[in-house]
Amino acid sequence: MSRRKKATEEPEETAPEPSRAAGGCVLAVLALVAGAVLFAALGNVAVLAVWAAGAFALRWAVRRPNKIDNHSPPPPRDPSRNTNTQFTVVEDRPGHCTVVWQKEGS
């Protein structure tokens, strides 16, 4: 048996796609380095800047409009559709079950 590969059987070489997690890790490291440089250079001013950024983020989150603009309650239910649905599980053969649905009153 021959161990040679045919030219059509060789897999195509593709460049790997960059990972989103790797990009997030790089951004997190850059933010930590920038924060460390800020704290080393400015001291107490950097602490106040972090507090101010946190207060701004908290205020922005509280004042941000909700995605639901309509705050009215849902419409009342139709009384004609006030029927309850019940179901029963029946084992019609070993290892096989069937669900039987019934409306109440029928």
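Residues numbered from 1 in each chain as written. Predicted model: local features only at pLDDT ≥ 70, side-chain atom pairs only at ≥ 80, totals over all residues. Heavy atoms only, no water.

A.B. asks: What am I meant to see in the overall build of the chain here?
C.D. replies: Counting secondary structure elements, the chain contains two helices and two strands. Put simply, the chain runs from its N terminus to its C terminus through helices and strands in the order α-α-β-β. When each of the 106 residues of the chain is scored for burial, the buried share is 1%. Partitioning the contacts of the chain with sequence separation of at least 6, the portion at a separation of at least 24 is 0%. Just so you have it, the chain exposes about 10900 Å², and 61% of that area is on carbon and sulfur atoms. (Helix = DSSP H or I, 4+ residues; strand = E, 2+ residues; numbered from the N terminus. Buried < 20%, exposed > 50% of the residue type's maximum accessible area, 1.4 Å probe, protein only. Contact = heavy atoms within 4.5 Å. Areas by Shrake-Rupley, 256 points an atom, 1.4 Å probe, with all protein chains shown as cover.)

A.B. asks: Just to check I follow, could you spell out the pairing of strand β2 (residues 96-103) for this structure?
C.D. replies: Successive side chains on a regular strand alternate, one facing one side of the sheet and the next facing the other. In terms of strand pairing, strand β1 (residues 85-93) meets β2 through eight bridges, oriented antiparallel. Bridge pairing in β2 links R93 to H96. Between β1 and β2, which pair antiparallel and follow one another directly, the connecting turn spans two residues, one of which, G95, has a positive phi of 85°. (Pairing = 2+ DSSP bridges.)

A.B. asks: What am I meant to see in the environment of V99 here?
C.D. replies: Along the chain, the position of V99 falls in strand β2. Here the alpha-carbon distance between V99 and T88, two residues 11 residues apart in the chain, equals 5.7 Å.

A.B. asks: What's the story with the UniProt feature "transmembrane region" (unreviewed entry) in the chain in this structure? I'm lost.
C.D. replies: Under the UniProt annotation, the feature "transmembrane region" (unreviewed entry) is placed at residues 21-39 and 45-62. Regarding residues 21-39, the helix share stands at 100% and the strand share at 0%, and the terminal C-alpha atoms are separated by 27 Å. The distance from the first to the last C-alpha atom of residues 45-62 is 26 Å, and the span holds 100% helix and 0% strand. (UniProt positions renumbered as here; feature names shortened; annotations may be inferred.)

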